[in-house]
Amino acid sequence: MSKNFRVLASVALAASLAATSACSSTRDEGSTDSGASASNLIGIAMPQKSLERWNKDGSHLDEILKKAGYQTSLQHADSVEQQITQIQNMINQNPKVLVVASIDGTALAPALEKAAEKKVKVIAYDRLINSTPNVDYYATFDNYQVGKLQGEFIVEKLGLKDGKGPFNLEPFAGSDDDNNAKFFFSGAWDVLKPYLDSGKLVVPSGKKPASNDEWTKVSVKGWKTETAQSEMDNRLNSFYTGGKKVNVVLSPNDSLALGIAQSLESKGYKPGADYPIITGQDADLANTKNILADKQSMTVWKDTRTLGDQVLKMVDSIVKGGTVEVNDEKTYNNGNKVVPSYLLPPVVVTKADVKTKLVDSGFYTADKLGL
Ligand code: GAL
């Protein structure tokens, strides 16, 4: 072997080892069941494990893809930067498809440009990816409907259609880097706005977005429970003195609802007739237990198993070169294009139907809920 060839070979080997070690050094979460260039590798990029639902989403999708014969690389990230690095590493492994639940849907354009160059198809999972043409499909639950169900629940429970009121409302919205959050808020606010305008709903804290576009005025960064709790503490301390009580809290999801309930409890609110209506989303375990204990009124359940199943169908169609089934080609414009989407229906769960919906479906076991 000539000297030059040896040099080239050693440089190439060093480069590939460096690339592999670079991949492994940032492979801090999740599993990769594949070699560097698996022929049927599927990348799964999920947000932080600290938000309960993403653990279920990630493990279910990983399991059914493996069962279907795919190799997988599942990674959870705690920051946007970490998720970008994980996605870049996955792309270097030449996956067939990338499934991405983005932490920040506006931050992935450069990474996904690389995916497009390598003909890697991208499915946005649950959260739309914005400001890039390089997202091919979107699989989610109907996000606007999630908010609408929360708003309608409040209207029905308070008897607003019967002219009841005024009631004291405190609204919250999700993280301002999450494209879903504006859909959740808009769905609810479109239902509640007439009652805010008529004075049947009032917001003593003054944190009342004048329109759906002002939803970020009440957003909670990173969907953090502790942030929601301290925000609720502030509102209660500042605007609910002299016996004034909160009657209803619009919480877009369960991680916020948990903090809000903890705040209310710390200020002496107890489950019962005067306890505020609190909405939620995701049927997280702690919140489902709170619903059973009358500390939360409802959650909007998104059976993440069905979302994973739908994504598997999309992956199969992409890999086999078939037509990918979608049911919405108008709602989700990501700033570059309307992304063909498949929307699943969300479901309201209250104390009365925890068993029939969450236990009988196998989402939770009875003993996990203390039933
Ligand atoms: C949203 C997701 C919701 C909510 C939130 C926190 O994008 O659709 O289910 O839980 O993130 O993870």
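The structure we're discussing is the one just above.
Cut-offs and rules
Residues numbered from 1 in each chain as written. Predicted model: local features only at pLDDT ≥ 70, side-chain atom pairs only at ≥ 80, totals over all residues. Heavy atoms only, no water. Phe/Tyr/Trp six-rings, centres within 6.5 Å; stacked < 30°, edge-to-face > 60°. Helix = DSSP H or I, 4+ residues; strand = E, 2+ residues; numbered from the N terminus. Buried < 20%, exposed > 50% of the residue type's maximum accessible area, 1.4 Å probe, protein only. Lys NZ or Arg CZ within 6 Å of the ring centre and 35° of its normal. Pairing = 2+ DSSP bridges. Contact = heavy atoms within 4.5 Å. Axes fitted to C-alpha atoms, helices over the stretch in contact; angles between N-to-C directions. Polar contact = N/O pair within 3.5 Å; in protein donor to acceptor, adjacent residues only side chain to side chain. Salt bridge = Lys/Arg side-chain N within 4 Å of Asp/Glu carboxyl O. Core = buried A, V, L, I, M, F, W, Y, C linked by side-chain atoms within 4.5 Å. Domains from an automatic or database assignment. Near = heavy atom within 4 Å. Areas by Shrake-Rupley, 256 points an atom, 1.4 Å probe, with all protein chains shown as cover.

Colleague: Is there a simple way to explain the packing of aromatic side chains in this structure?
Modeller: Between two aromatic rings, the relevant description is the distance of the centres plus the angle of the planes. Counting across every chain of the model gives 6 aromatic pairs. Taking 4.9 Å as the distance between ring centres and 45° as the angle between the ring planes, the aromatic pair formed by Phe183 and Tyr332 counts as tilted. Note that Phe183 is positioned in helix α6 (residues 179-197) and Tyr332 in the loop between α10 (304-320) and β12 (341-344), a separation of 149 residues in sequence. Both residues of the pair, Phe183 and Tyr332, count as buried. Ring geometry for Phe363 against Tyr364: centres 5.0 Å apart, planes inclined by 75°, an arrangement best described as edge-to-face. There is no split in this pair, since Phe363 and Tyr364 are both buried. Of the aromatic side chains, those joined through ring pairs into one cluster are Tyr138, Phe183 and Tyr332. Against the face of Trp54 rests Arg53, its NZ or CZ located 4.1 Å from the ring centre. Above the ring of Tyr269, the side-chain terminus of Lys245 is found at 4.7 Å from the ring centroid.

Colleague: I tried to follow the sheet that holds strand β8 (residues 201-202) on my own but got confused; where do I start?
Modeller: Taken in spatial order, the 4 strands line up as β8-β7-β9-β10 in an open sheet, and their pairing is parallel. Looking at the sheet topology across the chains shown, the edges are occupied by β8 and β10 (277-278). Relative to β8, strand β7 (residues 167-171) runs parallel, the two being bridged by 2 bridges. Pairing of Phe167 across the sheet is with Leu201, part of β8. Running at roughly 145° to strand β9 (residues 248-250), α6 makes contact with β7, β8 and β9 of the sheet.

Colleague: Would you mind going over the side chain of Ser175 with me for this structure?
Modeller: Residue position: Ser175 is located in the loop between β7 and α6. On the accessibility criterion, Ser175 (1% relative accessible area) is buried. Within polar-contact distance, the side chain of Ser175 engages the side chain of Asp177 at 2.6 Å.

Colleague: I tried to follow the pattern of salt bridges on my own but got confused; where do I start?
Modeller: Any two side chains of opposite charge can pair, on the condition that their charged atoms come close. Evaluated as defined, the whole model comprises 24 salt bridges. Between Arg235 and Glu170 there is a salt bridge whose closest N-O contact spans 2.8 Å. Remark: Glu170 occurs in strand β7 and Arg235 occurs in helix α7 (residues 225-239); sequence separation between them is 65 residues. When sorted by exposure, Arg235 lands in the same class as Glu170, which is buried. Each of Arg53, Asp57, Asp126 and Lys302 takes part in salt bridges that share partners, so that together they form one network.

Colleague: Teacher, can you tell me more about the nonpolar core here?
Modeller: One broad trend across soluble globular proteins is that nonpolar side chains are buried collectively. By size, the foremost hydrophobic cluster in this structure holds 73 residues, and its most contacted members are Leu61, Ile123, Tyr125, Leu201, Ile260 and Val315. Each of domain 1 (22-135 + 303-345) and domain 2 (143-302 + 350-358 + 363-369) gives at least three residues to this core. Sequence-distant contacts of Val315, defined by excluding residues within four places in its chain, comprise Ile42, Leu65, Tyr70, Val97, Val99 and Ile123. The next biggest cluster of nonpolar side chains, apart from the first, holds 21 residues, and it includes Ile91, Val120, Val122 and Ala124.

Colleague: What exactly am I supposed to notice about the site of the ligand here?
Modeller: Around the ligand sit 13 residues, and of these Asp126, Arg127, Asp178, Asp282 and Lys302 come closest. In the environment of the ligand, an oxygen atom lies 2.7 Å from a nitrogen or oxygen atom belonging to the side chain of Arg127. Lys302 places a polar side-chain atom, nitrogen or oxygen, 2.9 Å from an oxygen atom of the ligand. Taking 300 Å² as the accessible area of the ligand by itself, protein coverage stands at 99%. Breaking the shell around the ligand down by element, the ones donating at least two residues are α2 (52-67) and α6. Each of domain 1 (22-135 + 303-345) and domain 2 (143-302 + 350-358 + 363-369) gives at least three residues to the shell around the ligand.

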